[in-house]
Amino acid sequence: MLDRELSLGALSPTTQIIAVAVWLGLVSLAALVGKRSPFGSPEVVRKIVHIGTGNVILLAWWFYIPAWIGIGASVLFGFITLASYWLPILPMINGVGRQSWGTFFYSMSIGLLITVFWPLAMPQYAVIGILIMAWGDGLAALIGQRWGQHPIQIWGGTKSLEGSGTMAVVSFIVSILVLWSCQGPIGATWGVALVIAILATVLELFSKFGIDNLTVPLGSGAIAFALNHLWLGL
């Protein structure tokens, strides 16, 4: 483990940025392939980008990318996404005039979590928040639209029991894997992960206009941090 940390931490900023750029390039390529496939749909393409982009937080964690790079990238992408609501800059993600600020909130949540947890040397909490948003929300939308048979009406919007169940399960798995990778298989971590999963599911359920892309990652990261310190003393 120490050798791995030293080798990854020794990567130059240029190499780190190239690694992230290569990953984002692969995500874009996957989205283009998905768009042209017989089974591709605008929602599937958006979720490919949604999930793939979120995994950048893993690269930032593993490669020890400095906070200023992550924050700067999130601010830059935030401005780009704002412009894309009126200009066809990101047609695979946003339609012009699409009534959702989700993509903008997504980029801002990454920057905010890095701002808080990178200086504390606790990047795992930022990773939990972003991966829950990426995988939990992404798969919940796909499963809910494809197999959702039990609708849930909340604040004028429609969710599904199947989608919310997927959100809870994926959030629990993400939380367990990230926490165990940092602190080992402590028994009480199961309880922490369960609370995180429940909170993330509730926040995703009660959301409109893409605000869950902000509330879910920030809420998940914050509750993970609070429970680990207040409950487990870690």
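Above this text you will find the structure in question.
Worth saying up front: this structure is predicted, and the values here are computed from it rather than measured.

Q: What is the right way to read the overall build of the chain from this model?
A: Counting its secondary structure elements, the chain contains 10 helices and 2 strands. Counting from the amino terminus, the chain carries its helices and strands in the arrangement α-α-α-α-α-α-α-β-β-α-α-α. By the burial criterion, 44% of the 234 residues in the chain qualify as buried. Excluding contacts between residues fewer than 6 apart, the proportion of contacts in the chain whose partners are at least 24 apart in sequence is 68%.

Q: Just checking my understanding: could you explain the packing of helix α9 (residues 189-205) against helix α10 (residues 212-230) for this structure?
A: Helix-helix packing is described using two parameters, namely the angle between the two axes and the distance between the axes. Relative orientation of the contacting elements α9 and α10 amounts to 160°, with a least axis distance of 9 Å. The angle between the axes of α9 and α10 places the two elements in the roughly antiparallel class. Along this stretch, α9 crosses α10, giving a crossing that reads as right-handed. When α9 is examined against α10, the residues Val192, Val195, Ile196, Leu199, Ala200, Leu203 and Glu204 are found in contact with a partner set consisting of Asp212, Thr215, Val216, Gly219, Ser220, Ile223, Ala224, Leu227 and Asn228. By residue class, the composition of the contact of α9 with α10 is 10 nonpolar, 4 polar and 2 charged.

Q: Hey, could you run me through a nonpolar patch on the surface in this one?
A: The grouping of Ile18, Val22, Trp23, Leu24, Leu26, Leu29 and Val33 at the surface amounts to a nonpolar patch, some 610 Å² of accessible area in total. Among the structural elements, Leu24 can be located in helix α2 (residues 13-36). Since its relative accessible area comes to 35%, Leu24 is described here as partly exposed.

Q: Where do I start with the packing of helix α7 (residues 123-147) against α10 in this structure?
A: As a packed pair, α7 and α10 sit with axes 8 Å apart at the nearest point and diverge in direction by 135°. Classified by the interaxial angle, the pair formed by α7 and α10 is oblique. Crossing of α7 over α10 shows right-handed handedness. In contact with Tyr125, Ile128, Gly129, Ile130, Ile132, Met133 and Asp137 of α7, α10 contributes Asp212, Asn213, Val216, Pro217, Ser220, Gly221, Ala224, Phe225, Asn228 and His229.

Q: Would you take a moment to explain the packing of aromatic side chains for this structure?
A: When we look at a pair of aromatic rings, we describe it by the centre distance and by the angle of the planes. Under the defined criterion, the tally for this structure stands at 6 aromatic pairs. Summarising the aromatic geometry, the rings of Phe104 and Phe105 are spaced 6.0 Å apart at their centres and angled 50° between planes, so their arrangement reads as tilted. Seen in terms of ring centroids, Phe172 and Trp190 are 5.8 Å apart; in terms of plane orientation they differ by 35°. Their pairing is tilted. Placement of the pair is Phe172 in helix α8 (residues 161-183) and Trp190 in helix α9, with a sequence separation of 18 residues. In this structure Phe172 comes out as partly exposed when scored by relative accessible area, which is 22%. Judged by its relative accessible area of 44%, Trp190 falls in the partly exposed class.

The rules behind each value
Residues numbered from 1 in each chain as written. Predicted model: local features only at pLDDT ≥ 70, side-chain atom pairs only at ≥ 80, totals over all residues. Heavy atoms only, no water. Helix = DSSP H or I, 4+ residues; strand = E, 2+ residues; numbered from the N terminus. Buried < 20%, exposed > 50% of the residue type's maximum accessible area, 1.4 Å probe, protein only. Contact = heavy atoms within 4.5 Å. Axes fitted to C-alpha atoms, helices over the stretch in contact; angles between N-to-C directions. Parallel < 35°, antiparallel > 145°, perpendicular 65-115°, else oblique. Left-handed = near helix turned anticlockwise from the far one by under 90°. Nonpolar A, V, L, I, M, F, W, Y, C, P; charged D, E, K, R; others polar. Patch = residues over 30% accessible without salt bridge, like charges linked within 9 Å, V, L, I, M, F, W, Y side chains within 5 Å. Areas by Shrake-Rupley, 256 points an atom, 1.4 Å probe, with all protein chains shown as cover. Salt bridge = Lys/Arg side-chain N within 4 Å of Asp/Glu carboxyl O. Phe/Tyr/Trp six-rings, centres within 6.5 Å; stacked < 30°, edge-to-face > 60°.

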